[in-house]
Amino acid sequence: MGVAEVAGPSANRVPVVDPRSRAPVTLRWFPLSLTLGGGVETARGTLRTRRVWRVRAEDVAGSVGWGEAAPLTGFGLNEVPGWERGLERAAARWTSVATLDPDALGSAGAAGTDPFLHAAVATALADLQASWAGVPLARWLCATAVDRVPLNRLWLDDASTHALASGCGGAQGVFKLKVGMGTPDQELRRVHGLMERHPAVRWRLDANQAWSFAEARSWLAGLRGWPVAYVEEPLASPTASQLAELRELGVPLAADESALLPSARRALLDESAVDVLVIKPNAIGGPVAAWHAAAEAGRRGVRVTLTSMLEGAVGVQMAAHVAAAVEGAGWGTGAHGVATLAEVGGDPWSEALLATASDGAWTWQVGDLPGLGFGHLPAPRGALEAEG
């Protein structure tokens, strides 16, 4: 598991206006090469490596905020040259902002900015502002944010996962199971078997847009009466009206990929098409954009699950802080998908973050350090060399 850190060009230092007269804030970035253990199977193929860009925002007093751009194929930019140009555009977005208004930090897509790249810059600047305020990013978003984020776990169908499921009880025991990779009949039999074997588990089934409307209807009919928390993205070509029709079968539904754009989220909410929105902060523009999306859903009675996207330490920690804020506001589903960092290698901060944040099972502690909490960690060696 290796890590590559490379200096960006001189153009990667773009000053932005600082509302506390600690200007200019300087943005710098460098890439990290991450590995994904034995690979992660998704409906889009097997992921074995990730290449992300880490963004550093520093004011004249030496305060630092961190962000991370982690695009995935099918979700945004994926070529390194595109990332470099996009970061320049995302950074330049702030040169015309008189103050770093939190609402402006949520304006993903402004000036043609890719939301992943906007998220990197917006996260670094939000981290910096929370640090100025002396509070964790979660409490900067929501004063009543929780300290520990309840987690769901990914079902791996191995001995350790079965042992963890067998010990479930109380508020614990939410597993996410990937479906949609076999025939519906075969998978439904497998799911029924798992539910019978582990009756205390609450199941989140993620179909990754694998089924036709008829297949989804058949699947959902076969799940009525079983302990299903929700079925995520059942339709290959989802529309709000179709999801609303499927929801009438009585099995809770969740939207993820089909809710990336603000217009799509509004359509889903207007049609009462889903019970849950799954929000990936790094895919929609960062922590403030995610907070706004969660607030819109929560105020209309739709619960919210926050998830990470196999990012490095900064991306995962940001998603966890948003989840802590959402739970504190009363909009959360009670379990969030941010327990992915242990599956990712090559990040020099992962070990330290896991040691302080993860209990290895069911909760993630965001802590009480200012911002994202990376101020107590040494900067990656390569980052310091890149900035010199």
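Residues numbered from 1 in each chain as written. Predicted model: local features only at pLDDT ≥ 70, side-chain atom pairs only at ≥ 80, totals over all residues. Heavy atoms only, no water.

Enquirer: Could you give an account of the sheet that holds strand β6 (residues 153-154), with specific residues and numbers?
Expert: With parallel pairing, 7 strands are arranged side by side in an open sheet as β6-β7-β8-β9-β10-β11-β12. Unpaired on one side and paired on the other, β6 and β12 (303-306) mark the two borders of the sheet. As judged from the 5 bridges shared by strand β7 (residues 174-178) and strand β8 (residues 202-206), these two strands associate in the parallel manner. Bridge assignment links Val 174 to a residue of β8, and that residue is Arg 202. Along the sheet, helix α11 (residues 287-298) contacts β11 (276-279) and β12; its crossing angle with β11, the most-contacted strand, is approximately 180°. (Pairing = 2+ DSSP bridges. Helix = DSSP H or I, 4+ residues; strand = E, 2+ residues; numbered from the N terminus. Contact = heavy atoms within 4.5 Å. Axes fitted to C-alpha atoms, helices over the stretch in contact; angles between N-to-C directions.)

Enquirer: Describe helix α8 (residues 240-247), with residues and values.
Expert: Of the residues making up α8, those classed as buried are Ala 240, Leu 243, Ala 244 and Leu 246. Buried residues along α8 cover an arc of 160° about the axis, so they all sit on one side. Along its buried surface, α8 packs onto α7 (213-223), β10 (253-255) and α9 (262-270). (Buried < 20%, exposed > 50% of the residue type's maximum accessible area, 1.4 Å probe, protein only. Arc of directions from axis to C-beta.)

Enquirer: Please set out the side chain of Asn 152 residue by residue, giving values where relevant.
Expert: When you line up the elements, Asn 152 lands in the loop between β5 (148-150) and β6. Assessed through its relative accessible area of 8%, Asn 152 is described here as buried. A distance of 2.8 Å separates the side chain of Asn 152 from the side chain of Arg 204, its partner in a polar contact. Discounting chain neighbours no more than four positions away, the residues touching Asn 152 are Val 174, Lys 176, Arg 204, Ala 335, His 336, Gly 337 and Ala 339. (Polar contact = N/O pair within 3.5 Å; in protein donor to acceptor, adjacent residues only side chain to side chain.)

Enquirer: Could you give an account of the pattern of salt bridges, naming the residues involved and the relevant values?
Expert: In the structure shown here, the tally under the stated rule is 12 salt bridges. Ionic pairing is found between Asp 347 and Arg 54, a salt bridge with its closest N-O pair at 2.6 Å. In this pair, Asp 347 is assigned in the loop between α12 (313-329) and α13 (350-357) and Arg 54 in strand β3 (residues 45-58), connecting sequence segments 293 residues apart. As far as burial versus exposure is concerned, Asp 347 and Arg 54 are alike and both buried. Salt bridges here are not isolated pairs; linked through shared partners, they connect Lys 176, Lys 178, Asp 206 and Glu 232. (Salt bridge = Lys/Arg side-chain N within 4 Å of Asp/Glu carboxyl O.)

Enquirer: Which residues make up the nonpolar core, and what values do they have?
Expert: Counting 102 residues, the largest nonpolar core has Leu 205, Leu 223 and Trp 364 as its most contacted members. The element that contributes the greatest number of residues to this core is α12, accounting for 11 residues. (Core = buried A, V, L, I, M, F, W, Y, C linked by side-chain atoms within 4.5 Å.)

Enquirer: Please provide a residue-by-residue account of empty space enclosed by the protein, values included.
Expert: On inspection of all chains with the given rule, the structure shows 4 cavities of 30 Å³ or more. Roughly 40 Å³ of internal volume is contained in the largest cavity. As for the largest cavity, its lining consists of Asp 256, Ala 259, Leu 260, Arg 265, Val 278, Ile 279, Lys 280 and Ile 284. In terms of residue class, the lining of the largest cavity is built from 5 nonpolar, no polar and 3 charged. (1 Å grid on protein atoms, 1.4 Å probe; cavity = no way out; pocket = protein on both sides within 12 Å on 5 of 7 lines; lining within 4 Å. Points joined across faces, edges and corners; volume = space filled by probe spheres on them. Nonpolar A, V, L, I, M, F, W, Y, C, P; charged D, E, K, R; others polar.)

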